[in-house]
Amino acid sequence: MLARALFRPFARYVAVFVLGAVMGLYFGVMMGAQDRIFSWKRYRRSNSNVTVLTVESIPGIPGDQNTIDNNGNNSVLRRAQTWDDYRENHSKDDRTVADTLFEKVRVFCWVMTSPMNRDKKAVHVKATWLKRCNGYVFISSEDDLSLPAVKLPGVKEGRRYLWGKTKAAFRYIYQQHLNDYDWFLKADDDTYVIMENLRHLLSFHNNSEPVHFGRQLRSPRERTKQPYMSGGAGYVLSREAVRRLAEHGLGASNKCESIESIPEDFNMGKCLGLIGVVDIDTRDEFQRDRFHPFRPEVHLFKGYLPKDFWFWKYIVHPSEIGPGCCSDFTISFHYIQPSNMYVIEFFIYHLRPFGISKHYSLPPNFESKRETTMGVNGEFRKTP
C-alpha cells in the first residue's frame, strides 16, 4: 500500500513531463515551419526538394507550393474554368472607352508555351486575359488547333532554345499577321496581362514608330548597357519594330543572328538596339511601374527579394516595395499560378465596391496623338 501511494504522484509527474515534452515538440515544429515561410533564405536552405522559380539562371523567388508539386503538376486546377463573361455579369458597366480602344488599338498576343504546359498553364491563360487580345496564338513545339498552338520550323523546348523560339515566332508574325494588327505582345504562359491598361498606354503612340515597351532592365555585366525588356513581364513591339526585326535583324542582313546567349529577353533588347528600335519608359506620371516581373505580393511586401537579389542590380529605374511599386494602371504580373489567374480575373472584372464608380474618357486628341508622338529631329517623347 505504501509503495502504491508513493508511485501515484511519481506516475503523475512522469505523465505531465511526457505531455509537456510532446506539446513543446509540436509547437517547436510549427514555429519552425512558420519561420521558414517568412524567411526567404532559410526557406532556400531547408527546402532543397521543393520547386523554386529561377530567372536568368539566378536563384529566384519561392513558388506557390500549395498548388504546384515537385513535378510541376497543379493539384487544384485540372482543367480550364468556365465563367460567365464579365459583360453579362456587369451589363450596366460603361465600356465605351474600352471598346473604342479595342477597335482602334489592335493588339496581337503570342504566348510562349510547350506541350507539357498545355493543360497546366496555357488553357488557363486562354480562359482569362488572352480573350481580350484582338488576336492570339500560342507558340509551341507541337501544333494544337484547340488553343491554337503553332509548331514552327526548328523550334525546340528548353531554356537554351528560347531565343530561337522567339525569333521563329516573330518571323511567323511578320509573315502571317503584320498588316492585320498595330501592336504585338509577347508573354509567357504564367504572365497575366490587363489588356485595357495596355491599350491605354499604347494609345499615346503610333505603330509606325520603331518602339517597344515593357519593364526596362539592364545587365550590369554588359559594357554597352543596352536596356532590354523583361520577358516574363511581357513586352510589346510596334508594327514597324516587327518589320525591322524581320527584315533587318533576322532577314538578309542578319544583324541579330550572331547573338546567341541563354536569356531570350536580353538577346531581344540587344537585337532591337542594333536595328534602331527605341525602348520606351513605361512608368506612369508618378514614376510607378506598369510591367512587373513577379507576382503582386512580391512587389507589395518586403521580405521576398533580398538586398543581394539580381533584380536590384538589373533595374534601370529605382523601384520600391509597397503600394508605391505599382501603377493604378498596371499592365502585367509574372509567375502567376493558374488558380491565381482566376483570382486576379475576379478582382478586376467581377468585384465591385458598392457606391463607387469610375468614369474614363479617351486621351485628349486621341487620333492626333497616335500620329504625332515623333518629336523634333526624330526624337521620341517620353511615355506619359
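Predicted, not measured: the structure shown is a model, and the values here were computed from it.

A. Examining the overall build of the protein more closely. Within the protein, the regular secondary structure consists of 13 helices and 13 strands. Buried positions account for 47% of the 384 residues belonging to the protein. Total accessible area on the protein is roughly 20,500 Å²; 55% of this is exposed by carbon and sulfur atoms.

B. Inspection of the packing of aromatic side chains at higher detail. Applying the stated rule across the entire model yields 15 aromatic pairs. Geometrically, the ring pair formed by F108 and F184 is tilted, given 6.3 Å between the ring centres and 55° between the ring planes. Taken together, the residues F108 in strand β3 (residues 107–112) and F184 in strand β6 (residues 183–188) connect sequence positions 76 residues apart. For F184, a relative accessible area of 0% corresponds to the buried category. On the basis of an interplanar angle of 85° and a centroid distance of 6.1 Å, the ring pair of W310 and F311 is categorised as edge-to-face. Within the aromatic cluster, the residues linked to one another by ring pairs are F294, F309, W310, F311, W312, Y314 and Y335. Between the NZ or CZ atom of R132 and the centre of the ring of Y349, over which it lies, the distance is 3.6 Å.

C. The nonpolar core, seen in detail. Counting 41 residues, the largest nonpolar core has V107, W129, L185, M195 and L198 as the members making the most contacts within it. Counting only elements with at least two residues in this core, the list comes to α4 (96–104), β3, α5 (118–127), β6, β7 (192–193), α7 (195–202), β8 (211–213) and α12 (338–349). Apart from residues lying up to four places away in sequence, W129 is in contact with C109, V111, L185, A187, T191, Y192, V193, M195, M341 and E345. Membership of the second largest hydrophobic core comes to 30 residues, among which are W110, M112, V155 and V242.

D. Main features of the packing of helix α6 (residues 162–176) against helix α9 (residues 264–274). Two elements in contact, α6 and α9, have axes whose closest approach is 8 Å; the angle formed by their N-to-C orientations is 50°. Relative to α9, the element α6 lies oblique. Between α6 and α9 lies a crossing of right-handed hand. Note on element contacts: α9 touches α6 through E264, N267, M268 and C271, opposite L162, W163, T166 and F170. Grouping the constituent residues of the contact of α6 with α9 by class yields five nonpolar, two polar and one charged.

E. A look at the sheet that holds strand β11 (residues 235–238). Judged by pairing direction, the sheet is mixed, and its seven strands sit side by side in the order β5-β4-β3-β6-β11-β8-β12 without closing on themselves. The open sheet has two free edges, formed respectively by β5 (149–151) and β12 (278–280), since each of these has just one partner strand. Along the sheet, successive strands turn relative to each other by an average axial angle of 25°, direction set aside. In this structure, β8 lies alongside β11, joined through two bridges in antiparallel fashion. Each residue of the ladder has a partner; that of F213, found in β11, is V236.

F. Spatial organisation of the state of the cysteines. Counting across every chain of the model gives three disulfides. Disulfide partner of C325: C326, at an S-S distance of 2.2 Å. Taking the torsion about the S-S bond as the criterion, the C325 to C326 disulfide, at about -85°, is left-handed. Each bonded cysteine of the protein gets a number by its place in the sequence, and the pairs then read 1-2, 3-4, 5-6.

G. Examining the environment of Y349 more closely. Summarising the element assignment, Y349 is placed in helix α12. Side-chain polar atoms of Y349 contact the side chain of E196, separated by 2.6 Å.

What counts and what doesn't
- Residues numbered from 1 in each chain as written.
- Predicted model: local features only at pLDDT ≥ 70, side-chain atom pairs only at ≥ 80, totals over all residues.
- Heavy atoms only, no water.
- Helix = DSSP H or I, 4+ residues; strand = E, 2+ residues; numbered from the N terminus.
- Buried < 20%, exposed > 50% of the residue type's maximum accessible area, 1.4 Å probe, protein only.
- Areas by Shrake-Rupley, 256 points an atom, 1.4 Å probe, with all protein chains shown as cover.
- Phe/Tyr/Trp six-rings, centres within 6.5 Å; stacked < 30°, edge-to-face > 60°.
- Lys NZ or Arg CZ within 6 Å of the ring centre and 35° of its normal.
- Core = buried A, V, L, I, M, F, W, Y, C linked by side-chain atoms within 4.5 Å.
- Contact = heavy atoms within 4.5 Å.
- Axes fitted to C-alpha atoms, helices over the stretch in contact; angles between N-to-C directions.
- Parallel < 35°, antiparallel > 145°, perpendicular 65-115°, else oblique.
- Left-handed = near helix turned anticlockwise from the far one by under 90°.
- Nonpolar A, V, L, I, M, F, W, Y, C, P; charged D, E, K, R; others polar.
- Pairing = 2+ DSSP bridges.
- Disulfide = S-S within 2.5 Å.
- Polar contact = N/O pair within 3.5 Å; in protein donor to acceptor, adjacent residues only side chain to side chain.

Everything listed is a geometric property; what it means functionally is a separate question.
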